[in-house]
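# Reading the structure
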Amino acid sequence: MSPVTRLRGLKPDWLSDPKVWRTEILAGLVVALALIPEAISFSIIAGVDPAIGLFASFTMAVVISIVGGRRAMISAATGAVALVIAPLNREHGLGYLIAAVILAGVFQVALGALGVARLTRFIPRSVMVGFVNSLAILIFMTQVPEMLNVPWPVYPLIVGGLALMVFFPKITTVIPAPLVSIVILTVITVAAGIAVPTVGDKGALPSSLPVPGLPDVPFTLDTLTTIAPYAFAMALVGLMESLMTAKLVDDITDTRSNKTRESVGQGIANIVTGFFGGMGGCAMIGQTMINVKVSGARTRLSTFLAGAFLMVLCIVFGPVVSDIPMAALVAVMIMVSFATFDWHSVAPKTLKRMPAGEITVMVITVVTVVATHNLAIGVVAGSITAVVIFARRVAHLADVTAVADPDGTSVVYRVTGELFFASSNDLVGRFDYANDPKRVIIDLSAAHIWDASSVAALDAIETKYAQRGKTVEITGLNTPSAHLHDKLSGELSGGH
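Rules used throughout
Residues numbered from 1 in each chain as written. Predicted model: local features only at pLDDT ≥ 70, side-chain atom pairs only at ≥ 80, totals over all residues. Heavy atoms only, no water. Helix = DSSP H or I, 4+ residues; strand = E, 2+ residues; numbered from the N terminus. Buried < 20%, exposed > 50% of the residue type's maximum accessible area, 1.4 Å probe, protein only. Contact = heavy atoms within 4.5 Å. Areas by Shrake-Rupley, 256 points an atom, 1.4 Å probe, with all protein chains shown as cover. Lys, Arg positive; Asp, Glu negative; His and termini not counted. Charge placed at Lys NZ, Arg CZ, Asp CG, Glu CD. Core = buried A, V, L, I, M, F, W, Y, C linked by side-chain atoms within 4.5 Å. Polar contact = N/O pair within 3.5 Å; in protein donor to acceptor, adjacent residues only side chain to side chain. Pairing = 2+ DSSP bridges. Axes fitted to C-alpha atoms, helices over the stretch in contact; angles between N-to-C directions. Disulfide = S-S within 2.5 Å. Phe/Tyr/Trp six-rings, centres within 6.5 Å; stacked < 30°, edge-to-face > 60°. Lys NZ or Arg CZ within 6 Å of the ring centre and 35° of its normal. Expected span 1.5 Å × (residues − 1). Parallel < 35°, antiparallel > 145°, perpendicular 65-115°, else oblique. Nonpolar A, V, L, I, M, F, W, Y, C, P; charged D, E, K, R; others polar.

The next subject is the overall build of the chain. In terms of regular secondary structure, the chain is built from 21 helices and six strands. Each principal axis of the C-alpha distribution contributes one length, and for the chain these read about 100 × 65 × 60 Å. The 496 residues of the chain split such that 51% are buried. When contacts within the chain are restricted to residue pairs at least 6 apart in sequence, those whose partners lie at least 24 apart make up 84%. Carbon and sulfur atoms make up 66% of the accessible area of the chain, which totals about 22600 Å². Within the chain, the 32 negative side-chain charges are centred at a point lying 9 Å from the centre of the 33 positive side-chain charges.

Within the chain, Asn 149 stands out as a residue other than glycine whose phi angle is a positive 55°. Here Asn 149 lies in the loop between α7 (125-143) and α8 (154-171). The exposure class assigned to Asn 149 is exposed, which follows from its relative accessible area of 83%. Phi at Asp 254 takes a positive value of approximately 55°, unusual for a residue other than glycine. By secondary structure assignment, the location of Asp 254 is in the loop between α10 (221-253) and α11 (259-275). With a relative accessible area of 69%, Asp 254 lands in the exposed category.

Attention now goes to the nonpolar core. By size, the foremost hydrophobic cluster in this structure holds 102 residues, and its most contacted members are Ile 36, Leu 54, Phe 131, Ile 158, Met 279, Ile 290 and Leu 310. Counting residues per element, this core draws most heavily on helix α3 (residues 18-46), which supplies 12 residues. Ignoring sequence-local partners within four residues, the contact set of Leu 54 consists of Ile 36, Ala 39, Ile 40, Ser 43, Leu 205, Pro 206, Leu 310, Met 311 and Cys 314. The next biggest cluster of nonpolar side chains, apart from the first, holds 24 residues, and it includes Val 411, Tyr 413, Ile 449 and Leu 488.

Quick look at the side chain of Thr 299 now. Relative to the assigned elements, Thr 299 resides in the loop between α12 (285-294) and α13 (300-315). Residue classification places Thr 299 among the buried residues on the basis of a relative accessible area of 5%. In this structure the side chain of Thr 299 is engaged in a polar contact, spanning 2.8 Å, whose partner is the side chain of Glu 24.

On to the sheet that holds strand β4 (residues 410-419). Adjacent strands of a sheet pair through backbone hydrogen bonds, lying either parallel or antiparallel. Taken together, the four strands give an open sheet; going across it, the order is β3-β4-β5-β6, and neighbouring strands pair in mixed fashion. If you trace the sheet from one side to the other, it starts and ends with β3 (399-404) and β6 (471-475), each paired once. Across the sheet, the axes of successive neighbouring strands diverge by a mean angle of 20°, strand direction being ignored. Alignment of β4 against strand β5 (residues 439-449), held across nine bridges, turns out to be parallel. Considered in β5, the bridge of Glu 418 is made with His 448. Set on the sheet, helix α20 (residues 452-466) makes contact with β4, β5 and β6; between it and β5 the angle comes to about 175°.

Counted according to the given criterion, the structure contains zero disulfides. Cysteine Cys 314 remains unbridged, with the sulfur of Cys 282 as its closest cysteine sulfur at 20 Å.

Here we take up the side chain of Asn 89. Looking at the element boundaries, Asn 89 is found in helix α5 (residues 79-92). Polar contacts involving the side chain of Asn 89 include one to the main-chain carbonyl oxygen of Ala 46, which spans 3.1 Å. Beyond its immediate sequence surroundings of up to four residues, Asn 89 is in contact with Ala 46, Gly 47, Val 48, Leu 94 and Leu 97.

A ring pair, where both rings are aromatic, is described by two values, the distance of the centres and the angle of the planes. This structure, assessed with the given rule, holds eight aromatic pairs. Where Phe 338 meets Trp 343, the ring centres are 5.2 Å apart and the plane angle is 45°; that geometry is what we call tilted. On the basis of relative accessible area, Phe 338 is assigned to the exposed category, the value being 52%. Centre to centre, the rings of Tyr 413 and Phe 431 are 4.4 Å apart; their planes meet at 55°, and the pair counts as tilted. Remark: Phe 431 occurs in the loop between α19 (421-424) and β5 and Tyr 413 occurs in strand β4; sequence separation between them is 18 residues. According to the relative accessible area criterion, Phe 431 is buried, its value standing at 7%. Taken together through their ring pairs, the aromatic side chains of Tyr 413, Phe 431, Tyr 433 and Tyr 465 make up a single cluster. Taking the ring centre of Tyr 433 as reference, the NZ or CZ of Lys 464 above it sits at 5.9 Å.

Looking now at α7. The end-to-end C-alpha separation of α7 is 28 Å, in line with the 27 Å expected for 19 residues at 1.5 Å each. Here α7 lies mainly inside the structure; 14 of its 19 residues are buried.

Packing of α10 against helix α18 (residues 375-395) leaves a shortest axis separation of 9 Å and a crossing angle of 75°. One finds that α10 runs roughly perpendicular with respect to α18. In contact with Val 237, Met 240, Glu 241 and Met 244 of α10, α18 contributes Leu 375, Ala 376, Val 379 and Val 380. In the contact of α10 with α18, the residues fall into seven nonpolar, no polar and one charged.

Next up, the structure:
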């Protein structure tokens, strides 16, 4: 392969394909427009000036477009992060919040380097479906306040925006339908002088770029102990939401992403954001869906431009952006909510075929997320439920059958299945200690020992027989089971 050919292969898609180039630019513009009211709202939740959230969205998007592991994913200021750090800002002030953002970034880099991203492979599909559905519900719920106690023209504007996004793609897909909807509704409201809530009503837009600097806090151990719990909580919530979003985008685009790089990248982005005075953030699922699913973006260019356009819109076109009716952005987010929800998962045909345990896990995930407004808590609750259901199901697969020797001098117990804490707890009660002959053989050739609980159970069985003057011989152990049994047998006093 020639050097020229190799260089061509390294070129980003948007440099070699004008169609991709156009798609990425327009997608970035749509996302930037949708980011502005969201960033302002999250700033209010965190108790900081709107510029703090907007700066965070700018720096997060730009940095993660370079160092992140999932192309086309949008990272910015988020509600989950705002909820975590709001108490710190309330009790100690903005300086401590900024310091916590930087420390959270350090934690994320460390966790990413330690391989925390690999834990996502243990998240069951039912949790992932619940995550997606709860996300769609949350996106819709965040738009409900924008539809309450508002002038009546808001409602026809929302309906008109939805209609444009449904039918405009049938005419052409060259320009993203959400962008067309936002522009048309803005022109209508401004030209007709319709008084409805606008982006400008959310808060003042910044008029200059953020300037780097150190957080205004004393650099002492007391400061570290104050911010560390908040920083660690932010790091965990941010990583979980980002990794789950990356996995979702992987599924939508049929591509794989580097989750370790994404974890480290999130940390770097938060560190940079903190030094520029932003409130920190993580992957934004709603805006990512606009970028990937609605606008069709697939490269880092759209992510970079989302952040760049955000600042350009605020600083250069602030007055114009301030006139955008909230109804236009509400319509976009409602469409995103509808497109994100996995309707197949709740179809009657699917529910009839789905195991009850899978449905339970999905429902618990959705209910927990909607109740707490925290996607991370919902994923943890769903995953724990899935583990419990799986353990109960597998525990029933372990069985014990006894075969007596014709001469009555021995008995063979054949144990089949997986032996771990859930199944081994019932194992001790499956033997006839009083009536068995002097020699007892436990055949484990069709079983596997997974943990110390199983070894302790076997020790307890041997002890019960020994108390009656009977001997136990354990046979058929496979190599891993034999190694674990030899290592722990007799050392677990709780089993005697």
